[in-house]
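# Observations on the model geometry
In case you want the letters, here they are:
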Amino acid sequence: MQTVRDIRHNQDGVVIPNGFRANGWSSVLSHEMNVLFQAICYVVTEKETKAEMEKALDEIEALQGTFTEPVAEGFKSEEDFKGYVNLLNRFKAFLGRSNIDYPASREEAIQLFIKWGLVIDNGDAWDVPVQPFPDASELFQLSEAESMALAHLKLESLVHPVFSRLVMMLHEKEENTFNLSKADLKEMLGTNDAMLAEVLIKLTPYMEEAIENVLDIPDDEPMSFTIVWERIYEDFLGQQFSSNVQ
């Protein structure tokens, strides 16, 4: 297992494992549990002992008052307060489906992180796994919509870097219309058939016209397509599935 403490001196800034988002945790955890996890990543990156880590958590302003009953006076408006309470209740119900009580304190939340494998307790210090990272879909009772949304997040975490690389390569050519085969694209990206298929599907909404039967075209047959760059500029990080999870 690779952990934050293993790699922290080789990285710039706070180390937050990619699996936290890719494996669904940032989508299923409440806002304050998301904030706490990122704060733990910070103290694990920066501090040496558990005592130092706990003291640093005490000093983080964003953690003040977390895991206490929210009060309207702490929000800018009644609408903001009601919206927060609604989201918090949804998350409590989400945990309740898996027979888990929502933590009443930071200490209880950290114990849940340890139970779920998000935090490692080494006795004198905490650590955070980087690879492998726990999968939220394996630990909670999920609805069909939630399962689909988390599966999309996992696929997107694999596809998006390759898609981004393709967009950058095409953009560097300063053209709109391209004539490339699948073999050309695979060589450009250093990827395989399955990943290229996913990338082409992701690229389709940004084409002036979709490539007909794109998945059935032979590897060596040139494909002509025109990219509408304005669509990519406006919607490069589309999050249309995110509303299905918490």
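Described below are features of the structure shown in this document. All residue numbers here refer to positions counted from 1 along the written sequence of the relevant chain. Residues qualify for local features only when their pLDDT is at least 70, as the model is predicted, and side-chain atom pairs are given and counted only at 80 or more; totals for whole chains, interfaces and linings, by contrast, use all residues. The side-chain quantities take in all heavy atoms of the structure and omit both hydrogens and water.

## Thoughts on the overall build of the protein chain
Secondary structure is summarised from DSSP: a helix means a run of H or I of at least four residues, a strand means a run of E of at least two, and numbering begins at the N terminus for each. Summing up its helical and strand segments, the protein chain has 11 helices and 6 strands in all. Overall, the C-alpha framework of the protein chain stretches about 60 × 45 × 30 Å when taken along its three principal axes. Counting only contacts in the protein chain whose residues sit at least 6 apart along the sequence, the fraction spanning at least 24 positions is 68%. Note on areas: these come from Shrake-Rupley sampling with a 1.4 Å probe, and a residue is covered only by the protein chains present in the view. When the accessible area of the protein chain is evaluated, it comes to approximately 13900 Å², of which 48% is carbon and sulfur surface. Note on charges: Lys and Arg go in the positive column, Asp and Glu in the negative column, and His and the chain ends are not counted at all. Just so you know, the charge point we use is NZ for Lys, CZ for Arg, CG for Asp and CD for Glu. Across the protein chain, the 20 positively charged side chains and the 43 negatively charged ones have centroids separated by 5 Å. Contacts are residue-level and defined by heavy atoms, with any inter-residue pair within 4.5 Å sufficient.

## With respect to the packing of helix 4 (residues 31-46) against helix 5 (residues 50-58)
In helix packing, the relevant descriptors are the interaxial angle and the interaxial distance, both defined with respect to the helix axes. Helix axes use the C-alpha atoms of the stretch in contact, all axes being lines fitted to C-alpha atoms, and the angles between their N-to-C directions lie in the range 0 to 180 degrees. Relative to each other, helix 4 and helix 5 sit at 135°, their axes nearing to 9 Å. Comparing the axis directions of helix 4 and helix 5 gives the class oblique. As helix 4 packs across helix 5, the resulting crossing turns out to be right-handed. Note on element contacts: helix 5 touches helix 4 through Met53, Ala56 and Leu57, opposite Ala39, Ile40, Val43 and Val44. Each angle gets one of four labels, with under 35 degrees taken as roughly parallel, over 145 as roughly antiparallel, 65 to 115 as roughly perpendicular, and the rest as oblique. Put simply, a crossing is left-handed when the front helix is turned counterclockwise from the back one by less than a right angle, and right-handed when it is turned clockwise.

## Re the pairing of strand 5 (residues 177-180)
Residues Phe178 and Leu180 of strand 5 are buried on one face, while the alternating residues Thr177 and Asn179, pointing to the opposite face, are not. Only strands that DSSP links by at least two bridges are regarded as paired with each other. With 4 bridges connecting them, strand 5 and strand 6 (residues 223-226) associate as antiparallel partners. Across the sheet, residue leucine 180 finds its bridge partner in strand 6, namely methionine 223. For each residue, the accessible area found with a 1.4 Å probe, counting protein chains only, is set against the maximum for its type, and the residue is called buried under 20%, exposed over 50%, and partly exposed in between.

## Quick word on the pattern of salt bridges
Where charged atoms of side chains with opposite charge meet at close range, the side chains can pair. A carboxyl oxygen of Asp or Glu within 4 Å of a side-chain nitrogen of Lys or Arg is what we treat as a salt bridge. One pass over the structure, following the stated rule, counts 7 salt bridges. Taking the shortest distance from any N to any O, the salt bridge between aspartate 121 and lysine 50 comes out at 2.8 Å. Of this pair, aspartate 121 sits in strand 2 (residues 120-121) while lysine 50 sits in helix 5, and the two are 71 residues apart along the sequence. If you follow the salt bridges from partner to partner, you end up with Arg5, Arg8 and Glu48 in one network.

## Comments concerning unusual backbone geometry
In this model, glutamine 131 is joined to proline 132 through a cis peptide bond whose omega is -5°. Following the sequence through the fold, proline 132 ends up in the loop between strand 4 (129-131) and helix 8 (144-172). Positive phi values are uncommon outside glycine, yet phenylalanine 67 reaches one of about 65°. Relative to the helices and strands, phenylalanine 67 resides in the loop between helix 5 and helix 6 (78-97). Even without being glycine, asparagine 99 reaches a positive phi, approximately 60°. By relative accessible area, asparagine 99 is classed as exposed at 74%.

## Focus on a nonpolar patch on the surface
Patch members must show over 30% relative accessible area and no salt bridge, and they are joined within 9 Å when carrying like charges or within 5 Å when they are nonpolar side chains of Val, Leu, Ile, Met, Phe, Trp or Tyr. A cluster of nonpolar side chains, contributed by Val14, Ile16 and Tyr42, occupies part of the molecular surface with about 220 Å² of accessible area. Relative to the helices and strands, isoleucine 16 resides in the loop between helix 1 (4-7) and helix 2 (19-22).

## Here's the deal with the nonpolar core
Nonpolar cores were defined as sets of buried Ala, Val, Leu, Ile, Met, Phe, Trp, Tyr and Cys residues, with membership established by side-chain atoms within 4.5 Å. By size, the foremost hydrophobic cluster in this structure holds 43 residues, and its most contacted members are Trp25, Met33, Phe113 and Trp116. The set of elements that each furnish at least two residues to this core consists of helix 1, helix 3 (25-28), helix 4, helix 5, helix 6, helix 7 (106-116) and helix 8. With 8 residues, the top contributor of residues to this core is helix 4. Apart from residues lying up to four places away in sequence, phenylalanine 113 is in contact with Leu29, Met33, Leu36, Phe37, Ile40, Leu118 and Val119. Core analysis: the second largest hydrophobic core is formed by 25 residues, Val214, Ile217, Phe225 and Ile232 among them.

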